[in-house]
Amino acid sequence: MKTRTRFAPSPTGYVHIGNIRSALFPYLLAKQNKGTFILRIEDTDQNRFVADAEAIILDTLRWLGLQWDEGVEVGGPFGPYRQTERRDHYIKWAEKLIKKGLAYADPYTPEEVQKFRQAAEKAKKPFLYRNHRPENPPKWELGMPLRFKQTKIERKYWHDEIMGDLEAGAETLDDFILIKADGLPTYNFAHIVDDAEMECTHVTRGIEYISSMANYLALYEALGLKPPIFVHMPHVMAPSGNKKLGKRDGAKSVQEYRAEGYLPEAMLNFLVMLGWNDGTTTDIFSLDDMVKQFDLTRVQRAGARFDEKRLLWLNGQWIRRTDIAKLFNYAKDFWGENGQKATDERKLEVLAGVQERLKTLGDLPTLTEYFFTTPKIDLSMITDNKFLSRFSKDELITMLEVATLKLKTTEWQTDSLQEALNQLLTETARKPAELFSLLRIAVSYAPFSPELPRTFAVLGQAESLARLQATMDALHA
């Protein structure tokens, strides 16, 4: 049996962390089994439809490197791959159920259904639509809701690849809607038809759908379909660990993380480890590593706690591991105003100098702007510095003068500069936090910068010495 998995998002808004994890797991299953990864757009909920959402979904998947083999914009033997373009398929399957006496037109108004619900509440009983099933329903026509008719009210049993052997009581079975009044199918009906026609072997989705599994199994049986392999993933939990992650918990869209300078490799690495590990202490996984090592049996059943600090740490790791040419391409939209005006050669030189200190590409302007333009002198950064505030201006000037004389005769290479700086510690009898902090501020006037030898090397000898002199002049004034 060839593995065929799918990601079937709804274009109803921004792409969040849980969405992409629901794409990553089936992608990995398909790739490690040399199967097919399908992208299907489930757009039948027109009330929640967002015009640009599909384009965002596709762009995000491509940015992450999760390219689909079949589906929207790619095509394939089981198209179309947007549900609103597949109405005829659902009508055909619905008519099969009608002929079997397993579907019927819903004649009730919303007000009548609400009265049924209120009566059940008053009697302290669960509301089940099947208890109000019409004896002689009208002939179904488009424009009327069509409901599934449950005929086998019995306990359901099934296996889930993550959650194990599960079951649900007969009380969870009800006559649910198949086709809405607008002529479009519900998710409960459409996804079963689509997965069957597209020959999907695995259905991967969030754990919240387990509560509907009894109804899905009844529908599979009524349609004469063999159920696929079920994979229900645990929730991504809020940092507190006591509820599902949501916007109120600080959750951002994947697009927001991308705009802040997170790398796709870091995002995927973070997502795969939300509830999965390979049984070792390994933290860094490339997409190729994931394809080779991912195993559903090692996905935990409990929810995985969202930790943005870990994502930030992973991002820094991936920035340092990324080839400089590839990182330069990622960084093209993150340079500050003056950096954008610089030549590619200059930007590449600067990026190589700061690569080890970047946590996100969004740090680039703060970390690099002083390489492209002379910074404004702000002596308060020296006088307020916890390591420098105890020195008088004359003492600060003396340290800068000694450093300038030393650096004038130093070969302008990183190793030589490091050696000269170490010698200066002895000659000035100052601690690294004192001397190096002063030199760093004097040449950058930035809150943080790369290591001093790298900073000097990228600035060049003439510019570095000129900036040290400018600070001395300012202290003299």
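Residues numbered from 1 in each chain as written. Predicted model: local features only at pLDDT ≥ 70, side-chain atom pairs only at ≥ 80, totals over all residues. Heavy atoms only, no water.

A. Representation of the overall build of the protein in the model. Each helix and strand counted, the protein has 20 helices and 12 strands in total. Taken over the C-alpha trace, the protein has a radius of gyration of 31 Å; the compact-globule value for 477 residues is 23 Å, which it surpasses by more than 25%. Its C-alpha atoms give the protein principal-axis dimensions of about 100 × 50 × 40 Å. Considering the protein as a whole, with its 477 residues, one finds that 51% of them fall into the buried category. Sequence-distant contacts, at least 24 apart, represent 75% of the contacts inside the protein between residues at least 6 apart. A total accessible area of about 22800 Å² is found for the protein, and carbon and sulfur atoms account for 49% of it. A gap of 5 Å separates the mean positions of the 64 positive and 66 negative side-chain charges of the protein. (Helix = DSSP H or I, 4+ residues; strand = E, 2+ residues; numbered from the N terminus. Rg over C-alpha atoms; globule rule 2.2 N^0.38 Å. Buried < 20%, exposed > 50% of the residue type's maximum accessible area, 1.4 Å probe, protein only. Contact = heavy atoms within 4.5 Å. Areas by Shrake-Rupley, 256 points an atom, 1.4 Å probe, with all protein chains shown as cover. Lys, Arg positive; Asp, Glu negative; His and termini not counted. Charge placed at Lys NZ, Arg CZ, Asp CG, Glu CD.)

B. Main features of helix 3 (residues 87-99). Under the 1.5 Å per step criterion, the end-to-end length of helix 3 is 19 Å for 13 residues, consistent within 8% with the ideal 18 Å. Among the residues making up helix 3, those that are buried are Tyr90, Ile91, Trp93, Ala94 and Leu97. Elements that come into contact with the buried residues of helix 3 comprise strand 4 (103-105), strand 5 (146-148), strand 8 (177-179), helix 5 (187-197) and helix 6 (213-223). A positive backbone phi angle near 75° is found at glycine 101, which sits one or two residues after helix 3. (Expected span 1.5 Å × (residues − 1).)

C. Summary view of the domain arrangement of the protein. Domain annotation for the protein reports domain 1 (86-233), domain 2 (254-362) and domain 3 (374-476). A separation of 72 Å is found between the C-alpha centroids of domain 1 and domain 3. (Domains from an automatic or database assignment.)

D. The arrangement of helix 2 (residues 53-64) in detail. Across its 12 residues, helix 2 extends 17 Å between first and last C-alpha, which sits within 8% of the 16 Å expected from 1.5 Å per residue. By the burial criterion, the buried members of helix 2 are Ala53, Glu54, Ile57, Leu58, Thr60, Leu61, Trp63 and Leu64. Summarising the contacts, the buried residues of helix 2 are in contact with strand 1 (4-7), helix 1 (17-32), strand 2 (36-39), helix 7 (254-259), helix 8 (264-272) and helix 9 (287-293). Just downstream of helix 2 lies glycine 65, where phi reads positive at about 85°.

E. Main features of the sheet that holds strand 2. Sheet architecture is open: three strands sit in the order 1-2-3, paired in parallel fashion. Pairing within the sheet leaves two strands with one partner each, and these edge strands are strand 1 and strand 3 (70-71). With two bridges connecting them, strand 2 and strand 3 associate as parallel partners. Each residue of the ladder has a partner; that of leucine 39, found in strand 3, is glycine 71. (Pairing = 2+ DSSP bridges.)

F. Molecular detail of the side chain of glutamine 355. With respect to the element layout, glutamine 355 can be found in the loop between helix 13 (344-354) and helix 14 (364-372). Excluding residues that lie within four positions of it along the chain, glutamine 355 makes contacts with Ile319, Arg320, Thr322, Ile324 and Leu327.

G. The sheet that holds strand 5, seen in detail. Spatial ordering of the open sheet is given by 4-5-8, a layout of three strands whose pairing is antiparallel. The strands lining the two open edges of the sheet, one partner per strand, are strand 4 and strand 8. Across the sheet, the axes of successive neighbouring strands diverge by a mean angle of 40°, strand direction being ignored. Direction of pairing for strand 5 relative to strand 8: antiparallel, over a ladder of two bridges. Along strand 8, the bridge assignment pairs leucine 146 with isoleucine 179. (Axes fitted to C-alpha atoms, helices over the stretch in contact; angles between N-to-C directions.)

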